[in-house]
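Structural overview
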Amino acid sequence: MEQLILHNLNVNKTLGDVLQENNITFNKFEKYWVIANTELIGSGHFAKIFDIGNNKVLKISKDVNEYNAIKYFQNFIQTAHESDLWFIHTIQLPEIVCPVNEDFYEHFNDGSYGDDKKHIRYYYIYPKLYALTEEENNFFEDIIYFLGGASDFDEIEMYTDIVYYSDLQDEFESKYESLNKDAIFSFVRNVIELNYEHVISDMHIGNIMRNKFGDYKLIDFQKEI
């Protein structure tokens with residue numbers, strides 16, 4: 001999986017320059033971090049997400065643990081044996097990573113960046129993903145509760161002897177018949193094993209989405225280093 005990570009910490013270039021050099025174009029840049037003619041489609045305490053067209057989104061974040069996780073997996077992918085890369089279709093990694101040192105203020109006028117200190121802000125280009133349906137969301141909740149009485153994947157311990165498919169198929173045989181249950185069971189197993197092998201966090205149902213092909217993806221995961 002090819003990943004483009006742009007370490008733009010000591011180079012006198014704007015984010016606009018860096019992205020345009022890599023054929024990521026927008027109609028207009030304003031002060032290079034306030035982007036015109038885009039649609040804000042998600043926001044939180046640490047990040048903003050914009051639809052930038054071409055089935056892609058721009059995520060602007062100040063979450064260092066998210067960046068640590070992305071950098072960790074990117075480095076792992078470069079050196080690991082192919083047999084150890086079973087998880088790459090389970091997590092969603094960005095196509096472009098660009099950390100930039102900059103002074104930022106309340107540019108979005110909602111307190112999300114209410115800080116006048118100099119920080120690294122992380123810019124990511126991702127393929128556009130789509131939210132789970134209500135039925136999918138309910139199914140994931142039921143599975144997680146069944147496996148460990150938990151509310152999210154972070155709380156589930158690794159099961160070494162459980163036959164996931166048989167246990168889950170028996171429990172949900174007559175439920176959620178309109179969904180591809182085998183794909184969801186496989187995804188859940190991969191996420192649990194991913195945490196066991198690589199120790200990541202913030203793995204909850206709100207961080208599961210689907211790509212345009214219907215494949216489930218874990219997003220916004222974190223790693224403390």
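What comes next is a walk through the structure. What you see is a predicted model, and the numbers here were worked out from it, not measured in a lab.

With antiparallel pairing, three strands are arranged side by side in an open sheet as 9-10-11. Only two strands of the sheet have a single neighbouring strand rather than two, namely strand 9 (130-131) and strand 11 (216-218). Looking at chain direction, strand 10 (residues 208-210) and strand 11 are connected through three bridges and run antiparallel. Counted as the bridge partner of arginine 210 is tyrosine 216 from strand 11. Along the sheet, helix 5 (residues 181-198) makes contact with strand 10 and strand 11, crossing strand 11 at roughly 20°.

Here we come to the nonpolar core. Formed by 33 residues in total, the largest nonpolar core has its most connected members in Phe140, Ile143, Phe153 and Leu218. Excluding anything up to four places from it in sequence, leucine 218 contacts Thr90, Ile91, Gln92, Phe187, Val191, Leu194, Ile200, Met203 and Asn207. Of all hydrophobic cores here, the second largest spans nine residues; its members include Leu58, Ile96, Cys98 and Ile125.

Buried residues dominate strand 6 (residues 56-61), accounting for five of its six residues. Relative to strand 6, strand 5 (residues 47-53) is paired through six bridges, and the arrangement is antiparallel. Looking across to strand 6, one finds that aspartate 51 is bridged to valine 57.

What follows covers the environment of lysine 56. Relative to the assigned elements, lysine 56 resides in strand 6. Measuring from C-alpha to C-alpha, the distance between lysine 56 and isoleucine 125 comes to 6.8 Å, with 69 residues separating the pair along the chain. If we skip the residues at most four places from it in the chain, lysine 56 touches Phe50, Asp51, Glu95, Ile125, Tyr126, Pro127 and Lys128. Among the polar contacts made by the side chain of lysine 56, one reaches the side chain of glutamate 95 at a distance of 2.7 Å.

Scoring rules and cut-offs
Residue positions are counted from 1 within each chain, in the order its sequence is given. pLDDT decides what is reported in this predicted model: residues at 70 or higher carry local features, side-chain atom pairs at 80 or more are listed and counted, and totals for whole chains, interfaces and linings draw on all residues regardless. Side-chain figures throughout are based on the complete set of non-hydrogen atoms in the structure, without hydrogens or water. A pair of strands is treated as paired once DSSP finds two or more bridges between them. Here a helix means four or more residues in a row that DSSP labels H or I, a strand means two or more in a row labelled E, and each is numbered from the N terminus. Note on definitions: a residue-residue contact is assigned when non-hydrogen atoms from the two residues lie within 4.5 Å. Axis definition: a line fit to C-alpha positions, over the contact stretch in the case of helices; interaxial angles, taken between N-to-C directions, run 0 to 180 degrees. For our purposes a nonpolar core is just a set of buried Ala, Val, Leu, Ile, Met, Phe, Trp, Tyr and Cys residues, chained together by side-chain atoms within 4.5 Å. Whether a residue is buried, partly exposed or exposed follows from its accessible area with a 1.4 Å probe, protein chains only, as a fraction of its type maximum: under 20%, in between, or over 50%, in that order. N or O atoms closer than or at 3.5 Å make up a polar contact, with two conditions inside protein: a donor-capable atom paired with an acceptor-capable one, and, for residues adjacent in sequence, both atoms drawn from side chains.

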